[in-house]
Amino acid sequence: MMNIKKIRRDVHGVLLLDKPQGMTSNDALQKVKRLFNAKKAGHTGALDPLATGMLPICFGEATKFSQYLLDSDKRYRVIAKLGARTDTSDADGQIICTKPVDVTQLQIEQALTHFRGDILQVPTMFSALKYQGKPLYEYARQGIVIEREARPITVYENQFIQYDSAKQELTLEIHCSKGTYIRTIIDDLGELLGCGAHVIYLRRLQVSNYPIDKMISLDELQNITDKAQLLMPVDSPLQDSPKVQLNDSQGSDILLGRTIKLADSVAVETLVRIYQDQQFIGAGIQLLDKLSPKRLTSTS
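Our subject in this report is the structure included herewith. Each chain carries its own residue numbering, running from 1 in the direction its sequence is written. In keeping with the predicted nature of the model, local features appear solely for residues at pLDDT of at least 70, side-chain atom pairs appear and are counted solely at 80 or more, and the whole-chain, interface and lining totals rest on all residues. The basis for every side-chain value is the complete set of non-hydrogen atoms in the structure, without hydrogens or water.

**So, the sheet that holds strand 15 (residues 279–296)**
Reasoning step 1: Only when DSSP finds a minimum of two bridges between them are two strands counted as paired. We count a stretch as a helix when DSSP gives it H or I for four or more residues in a row; a strand needs E for two or more, and each element gets its number in order from the N terminus. The three strands are arranged 13-14-15 in an open sheet whose pairing can be described as mixed. This sheet does not close on itself; its edge strands, each paired only once, are strand 13 (243–246) and strand 15. Neighbour-to-neighbour, the strand axes of the sheet open up by a mean angle of 40 degrees, direction not taken into account.
Reasoning step 2: Sheet topology places strand 14 (residues 260–276) next to strand 15; ten bridges connect them, and they run antiparallel. Within strand 15, the residue paired with L271 across the bridge is I285. Only the stretch in contact is used when fitting a helix axis, every axis being a line fitted to C-alpha atoms; angles between N-to-C directions are given from 0 to 180 degrees.

**Notes on the pattern of salt bridges**
Side chains that carry opposite charge are capable of pairing whenever their charged atoms lie near each other.
Reasoning step 1: The salt bridge definition used is simple: a Lys or Arg side-chain nitrogen within 4 Å of an Asp or Glu carboxyl oxygen. Under the defined criterion, the tally for this structure stands at 13 salt bridges.
Reasoning step 2: The salt bridge involving E61 is made with K64; its shortest N-O contact spans 3.2 Å. As far as the burial class goes, E61 and K64 line up, both buried.
Reasoning step 3: Because the salt bridges share partners, they merge into one network encompassing R75, R77, E157 and E173. For the exposure calls, accessible area comes from a 1.4 Å probe over protein chains only, and a residue counts as buried if that area is under 20% of its type's maximum, exposed if over 50%, partly exposed in between.

**Remarks on the packing of helix 3 (residues 105–112) against helix 5 (residues 182–193)**
A pair of packed helices is captured by two measures, namely the crossing angle of their axes and the spacing between those axes.
Reasoning step 1: As a packed pair, helix 3 and helix 5 sit with axes 10 Å apart at the nearest point and diverge in direction by 125 degrees. With respect to their mutual orientation, helix 3 and helix 5 come out oblique. Read as a crossing pair, helix 3 and helix 5 show a hand that is right-handed. On the side of helix 3, the interface is formed by Q107, I108, A111 and L112, while helix 5 contributes L189, L192 and L193.
Reasoning step 2: All residues other than Ala, Val, Leu, Ile, Met, Phe, Trp, Tyr, Cys, Pro, Asp, Glu, Lys and Arg, Gly among them, are scored as polar; the first ten of these are nonpolar and the last four charged. Residue classes in the contact of helix 3 with helix 5 are distributed as six nonpolar, one polar and no charged. Angles are sorted into four bins: roughly parallel if under 35 degrees, roughly antiparallel if over 145, roughly perpendicular if 65 to 115, and oblique for all others. Here a crossing is called left-handed whenever its near helix is offset anticlockwise from the far helix by less than a right angle, and right-handed whenever the offset is clockwise. The criterion used for residue contact is that any of the two residues' heavy atoms lie within 4.5 Å.

This is how it looks when you write it as structure tokens:
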């Protein structure tokens, strides 16, 4: 009997997946890709298996603009267990140190001031950052520690939600810039409090300005016939960028890779969304009155 290969479809847009706990981001991506029977798809910034929440999946033409979601701000709800430090800074790791917990809410709130604003953070060894072509977590699993440089991040909000002293569990909501490791914030906070801490719950509430109520779980997705209705537009990864509308002549030049002159001018280099006849055709860089194409959609 012949094995007939299933033909993949052209699918374009962004799905806001509510990633389940215990699944890698890549496994979630592959499941969603199969459910849509899509030719091309990619996620926009991995969540740890422990973590749940918003994982934008880009399909087709939207994958060209996924980098802008990688670079966007994120919002998380996190629960930290005080009194124990783990080698991964979360509950999936091995406990390496335990200490008695004797902290007050006031001490916690005072400590949190060190984790707001522009700060430097040393990434965890259990991260996907690469050293000599291999992710750091591969070295960590072999017991090898690589020296890491502190990187600048911005924590716009680090809000105290609750401290359950009986369970020694601290709940925070954190709004931060790209490249921020929530596990590292919790580990560093535990060291500052003198008792150690690790993440036992992590949920990504938001990526960029995507609406929280548009998230959908894998179980829900499997039961929906018209899945295309769930997709956010191809230009949505650029939703925070200004919109530039071109006439036919200008649009043709941009699609040929040419720099064009606009009537309006901007003083600083700005990433913009480009449209021709109300149709999104790509991203560009505007400086003064000059617009240059950066990433264009495919045209037939």
